[in-house]
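Working through the structure, step by step
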Amino acid sequence: VGEYKLEFFDQIFLSASIRHDENDLFKNTNTVRTTGAYVVKDTGTRLHTSYGEGVKNPTLFELFGFAPGFTPNPNLKSEKSYGWDVGVEQEFMNGQATFAATYFENTINNLIQGAGATAVNLNGKNKIEGAEFEVSIRPATDLSFSGQYTYTGTEDANGIELIRRPKHIASLRSALTRFNGDLEVNFGGTYYGKQNDTAFQAVLPFGSQTVTLDSYILADANIKYKLTDSVSIFSRLQNILNERYENVFGTANPGFGAFMGLQVQLGG
């Protein structure tokens, strides 16, 4: 890996990096990434953009299977992608509030996808594009709120929507610190919109159909209290609403969960 960064006048920030991967099973690859940002200090505005490339090799499960009846496909090719984004961040209320918007595009070649009892590379270019919006506000030094919304549109080379990628994802979070930072409380929830998936028929006649997975909301909370400088207790609550949901057809996910623990820091 090699990287080079440039900064001009504490306002213009540029970077470029290159990565070389050697692999005994798949082709050796070179990928690059570039970024750029421009800060307008007088208005609290930041403009940014980036371009990047990536390679994802097939996993052992995709190559050779994970259950009886799976047909291995050792001829799978590596996924190759390239993408770019452009966006703006704007501060308000003397830096207490921030609004950000970003547009992104990503193109994947040789996308790996399950096809019944095997895995295959999808032909042509598979495109992902969308926009992301984020708002954060800190009304007090010990209290903050943030919200985020992402719209994602996808299609394969035939114009068909890609599976397991919800169009709409939105989240809200809050954070509170008290007693000089000894108590930390975080609470939030994320909404995942409907998404398509493929349902395979396990008995004769074998076949598949596209199904729609329901939307769902996952809420969580984290509480941490520092007893001493080196000892803290914490609690984590997951899926507070006890949602029954699937992000893969036919695969259940954990319901409500509560965890408690003790954290001890040793040494300096």
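Just so you know, these numbers come straight off a predicted model, no measurement behind them. (Residues numbered from 1 in each chain as written. Predicted model: local features only at pLDDT ≥ 70, side-chain atom pairs only at ≥ 80, totals over all residues. Heavy atoms only, no water.)

Structural notes on the overall build of the protein chain
Our working rule: What counts as a helix is a DSSP run of H or I of at least four residues, what counts as a strand is a run of E of at least two, and both are numbered from the N terminus. Throughout, exposure labels follow a simple rule: accessible area from a 1.4 Å probe, protein chains only, divided by the maximum for the residue type, with under 20% read as buried, over 50% as exposed, and the rest as partly exposed. Residue contacts are defined here by distance: any two heavy atoms, one from each residue, within 4.5 Å place the two residues in contact. Surface accessibility in these figures is a Shrake-Rupley result with a 1.4 Å probe; residues are shielded only by whichever protein chains are displayed.
Across its full length, the protein chain holds one helix and 17 strands. The buried share among the 268 residues of the protein chain stands at 27%. Long-range pairs, those at least 24 residues apart, make up 48% of the contacts in the protein chain between residues at least 6 apart in sequence. Within the structure as shown, the protein chain displays about 17,600 Å² of accessible surface, and the carbon and sulfur contribution to it stands at 56%.

Here we look at a nonpolar patch on the surface
Our working definition: Here, patches come from residues exposed beyond 30% relative accessible area and free of salt bridges, joined within 9 Å for like charges and within 5 Å for nonpolar side chains (Val, Leu, Ile, Met, Phe, Trp, Tyr). In what follows, salt bridge is the name for a side-chain nitrogen of Lys or Arg lying within 4 Å of a carboxyl oxygen of Asp or Glu.
On the surface, Phe92, Met93, Phe99, Phe133, Val135, Ile137, Phe145, Tyr149 and Tyr151 cluster together into a nonpolar patch covering about 780 Å² of accessible area. Contributions of two or more residues to the nonpolar patch are made by strand S9 (125-140) and strand S10 (143-155). Here Phe99 shows up in strand S6 (residues 97-109). Residue Phe99 is classed as partly exposed on the basis of its relative accessible area of 33%.

What about the packing of aromatic side chains?
Our working rule: When the centres of two rings from Phe, Tyr and Trp lie within 6.5 Å, Trp using its six-membered ring, the rings pair. Their planes under 30 degrees apart give stacked, over 60 give edge-to-face, and anything left gives tilted. Charge-over-ring contacts are defined here by two conditions on Lys NZ or Arg CZ: a distance within 6 Å of the ring centre and an angle within 35 degrees of the ring normal.
As enumerated under the stated definition, the model contains four aromatic pairs in all. Between Phe8 and Phe9, the aromatic rings sit 6.5 Å apart at their centres with planes inclined by 45 degrees, giving tilted as the arrangement. Measuring from centroid to centroid gives 5.6 Å for Trp84 and Tyr103, while their planes differ by 55 degrees, and the two rings are tilted. Taken together, the residues span a long stretch of sequence, with Trp84 in strand S5 (residues 79-92) and Tyr103 in strand S6 at a distance of 19 residues. A residue is classified by how much of its surface remains accessible, and Tyr103, at 30% relative accessible area, is partly exposed. Linked through ring pairs, Tyr192, Tyr216 and Tyr245 together constitute an aromatic cluster. A cation sits over an aromatic face here: Arg236 above Phe259, 4.5 Å from the ring centre.

Details of the pairing of strand S4 (residues 45-56)
Counted only if it meets this: At least two bridges found by DSSP between two strands is the condition for calling them paired.
Inspection of the sheet shows strand S3 (residues 29-40) paired to S4 by eight bridges, in the antiparallel sense. If you follow Val39 over to S4, its bridge partner there is Arg46. Turn length for the S3-S4 hairpin, with the two strands adjacent in sequence and antiparallel, is four residues, and the turn residue Gly44 shows positive phi of about 70 degrees. Both S4 and S5 contribute to a ladder of 12 bridges, which runs antiparallel. Bridge pairing in S5 links Thr49 to Val86.

Looking at the environment of Asn253
Spelled out, the test is: In the analysis that follows, any N or O atom pair within 3.5 Å is treated as a polar contact, provided that within protein one partner can donate a hydrogen and the other can accept it, and provided that, for residues neighboring in sequence, both atoms belong to side chains.
With respect to the helices, strands and loops of the structure, Asn253 is situated in the loop between strand S16 (231-238) and strand S17 (257-264). Sequence spacing of Asn253 and Asn239 is 14 residues, and the spatial spacing of their C-alpha atoms is 9.9 Å. Apart from the residues within four sequence positions on either side, Asn253 is in contact with Tyr245, Glu246 and Asn247. A polar contact of 3.2 Å, which involves the side chain of Asn253, links it to the backbone oxygen of Tyr245.

Description of the side chain of Gln90
Residue position: Gln90 is located in strand S5. A residue is classified by how much of its surface remains accessible, and Gln90, at 18% relative accessible area, is buried. A polar contact of 2.5 Å, which involves the side chain of Gln90, links it to the backbone oxygen of Thr43. Reaching out from Gln90, the side chain makes a polar contact with the backbone oxygen of Gly44 at a distance of 3.5 Å. When residues no more than four places from it in sequence are discounted, the contact partners of Gln90 are Thr43, Gly44, Thr45, Ala97, Thr98 and Phe99.

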